[in-house]
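Inside the fold
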Amino acid sequence: TCRGKARMLASRVMTENAAPQPVTATLLVSCRDRTGIVAALSDFVFKHNGNILDADQHAEAESDMFFMRLRWELGGFTLDRKQVLEALSHIATRFDLQWEITFSDARPKVAVFASKIPHCLYDLLLANQLGELHGDLVAVVSNHEDLRSVAGHFGVPFHHIPVAPENKALAEQAQQALVDALGADLIVLARYMQILSPDFVNHRAGKIINIHHSFLPAFVGARPYHQAKSRGVKLIGATAHYVTADLDQGPIIEQDVVRVTHRDDVPQLVQKGRELERQVLTRAVKLHLERRVLISDNRTIVFG
């Protein structure tokens, strides 16, 4: 629509006129809870002339675990990146930390897998075009040709890799080779209607996000809206989660629900659910790319 095009044009103008953002480092930490961790990490940034922008931590009495997200500006920081890694390694040894650091000028690359249903793909492509993803959508990969024009409209390369029962292993090899060649850091399953093999999933643990069209753990597997209708539920939902070898059992990143009634038939449930699916999936991808998600066993810690 004209209004939609105007919004897109305005967003582009704002992006082009915006001041360049400072390069930042984001550190994610998990470990057994103990005193001195926050002080040590804060002091590390302070001693080397860093400006802390965000510091968020969470300690759990039940599990005796500690989680932290720390983000600081690198302008004027006295250590180069190799030295940052060396210094953090020493702190990690001292406190027995599990940690990961990323830098904002190294933008993650995202490959989206989709089949025929377009709504989640559209939302991701638009967010990417508007510069909202904090990463770059580098490819759409599909087992059908239906969405080629959608990807083309947004200027994103489209790759058709057919999948059939007799060639599934070969198709996955081709997908793996493509994702590796693209240097993709994250795979997003935007209503991709194929089950990935354990080998494929385990090769990219914590790097594949799926959208499931129900409020997990309810109604796992196929046809969740039909299951919801038969149970007469009053709320339906959508769940974005990391993919594991166990179907629809991976750590949950984001969820949302909408109220329904006995008057809603299955097509109406599907229609209501699609709005949730696209919003929940895009929010989950943004959270991951902004480095706000820590995986702990089979759950997540999501920093706001």
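Thresholds, definitions, all that
- Residues numbered from 1 in each chain as written.
- Predicted model: local features only at pLDDT ≥ 70, side-chain atom pairs only at ≥ 80, totals over all residues.
- Heavy atoms only, no water.
- Buried < 20%, exposed > 50% of the residue type's maximum accessible area, 1.4 Å probe, protein only.
- Helix = DSSP H or I, 4+ residues; strand = E, 2+ residues; numbered from the N terminus.
- Arc of directions from axis to C-beta.
- Contact = heavy atoms within 4.5 Å.
- Pairing = 2+ DSSP bridges.
- Axes fitted to C-alpha atoms, helices over the stretch in contact; angles between N-to-C directions.
- Patch = residues over 30% accessible without salt bridge, like charges linked within 9 Å, V, L, I, M, F, W, Y side chains within 5 Å.
- Areas by Shrake-Rupley, 256 points an atom, 1.4 Å probe, with all protein chains shown as cover.
- Salt bridge = Lys/Arg side-chain N within 4 Å of Asp/Glu carboxyl O.
- Phe/Tyr/Trp six-rings, centres within 6.5 Å; stacked < 30°, edge-to-face > 60°.
- Lys NZ or Arg CZ within 6 Å of the ring centre and 35° of its normal.
- Expected span 1.5 Å × (residues − 1).
- Polar contact = N/O pair within 3.5 Å; in protein donor to acceptor, adjacent residues only side chain to side chain.

1. Structural notes on helix H8 (residues 224–231)
- Considered for burial, the residues of H8 that qualify are Pro224, Tyr225 and Ala228. When H8 is viewed along its axis, its buried side chains cluster within an angular range of 100 degrees and face the same direction.
- Where H8 is buried, its residues touch strand S9 (208–212), strand S10 (235–242) and helix H9 (266–289).

2. Digging into the sheet that holds strand S3 (residues 65–73)
- Spatial ordering of the open sheet is given by S2-S3-S1-S4, a layout of four strands whose pairing is antiparallel. The open sheet is flanked by strand S2 (51–60) and strand S4 (98–103), the only strands paired with a single partner. Strand-to-strand twist across the sheet, computed as the mean angle between neighbouring axes with direction ignored, equals 10 degrees.
- Of the strands in this sheet, strand S1 (24–32), S2 and S3 touch helix H2 (residues 37–47), which is tilted by about 15 degrees from S3.

3. Here's the deal with a nonpolar patch on the surface
- A contiguous nonpolar patch, built from Phe215, Leu235 and Val257 and spanning about 240 Å² of accessible area, is present on the exposed surface.
- Structurally, Val257 can be placed in strand S11 (residues 252–259).
- On the basis of relative accessibility, which here comes to 36%, the residue Val257 falls in the partly exposed class.

4. Here we look at the pattern of salt bridges
- Following the criterion strictly, the structure yields 15 salt bridges and no others.
- For Asp123, the salt bridge goes to Arg278, with nearest N and O atoms at 2.6 Å. Here Asp123, found in helix H4 (residues 119–129), pairs with Arg278, found in helix H9; they are 155 residues apart in sequence, far enough to count as distant.
- We classify Arg278 as partly exposed; its relative accessible area is 24%.
- Between Asp180 and Arg204 there is a salt bridge whose closest N-O contact spans 2.4 Å. With Asp180 in helix H6 (residues 168–182) and Arg204 in the loop between helix H7 (198–203) and S9, the pair connects residues that are 24 residues apart, well separated along the chain.
- One network of salt bridges, in which partners are shared, links Asp123, Glu275 and Arg278.

5. Things to note about the pairing of S10
- Counted residue by residue, S10 has seven buried out of eight residues, so it is predominantly covered.
- Where S9 and S10 come together, four bridges link them in antiparallel fashion. Among the inter-strand pairings, Ile211 is bridged to a residue of S10, identified as Ala240.
- Bridge count between S10 and S11: seven bridges; the pairing is antiparallel. Within S11, the position partnered with Ala238 by the bridge is Asp256.

6. Brief notes about the packing of aromatic side chains
- Within the structure shown, the criterion is met by six aromatic pairs.
- Ring centres 6.0 Å apart and planes at 90 degrees place the aromatic pair Phe44 and Trp72 in the edge-to-face group. Residue Phe44 is found in helix H2, and its partner Trp72 is found in strand S3; the two are separated by 28 residues along the sequence.
- Its guanidinium or amino end placed over the ring of Phe103, Arg81 lies 4.5 Å from that ring's centre, counting from NZ or CZ.

7. Looking at the sheet that holds strand S7 (residues 158–160)
- Strand order in the open sheet formed by seven strands is S7-S6-S5-S8-S9-S10-S11, and the pairing between neighbours is mixed. The open sheet has two free edges, formed respectively by S7 and S11, since each of these has just one partner strand. Strand-to-strand twist across the sheet, computed as the mean angle between neighbouring axes with direction ignored, equals 20 degrees.
- Sitting on the sheet, H4 touches strand S5 (109–114), strand S6 (136–142), strand S8 (186–189) and S9, and the angle it makes with S6 is about 155 degrees.
- Strands in contact with H6 are S5, S6, S7 and S8; relative to S6, the strand with the most contacts, it is inclined by about 165 degrees.

8. What to know about helix H3 (residues 81–95)
- Counted at 1.5 Å a residue, the expected span for H3 with its 15 residues is 21 Å, and the 21 Å between its end C-alpha atoms agrees.
- Those residues of H3 lying buried are Val84, Leu88, Ile91, Ala92 and Phe95. Each buried residue of H3 sits inside an arc of 105 degrees when the element is viewed along its axis, so together they form one side. Counted as exposed and oriented over 90 degrees from the buried face of H3: Lys82, His90, Thr93 and Arg94.
- Buried residues belonging to H3 abut S1, H2 and S4.
- The backbone nitrogen of Lys82 has a side-chain oxygen 3.2 Å away, supplied by the residue at the start of H3, namely Asp80.
- Positive backbone phi, at 55 degrees, marks Asp96, one or two positions downstream of H3.

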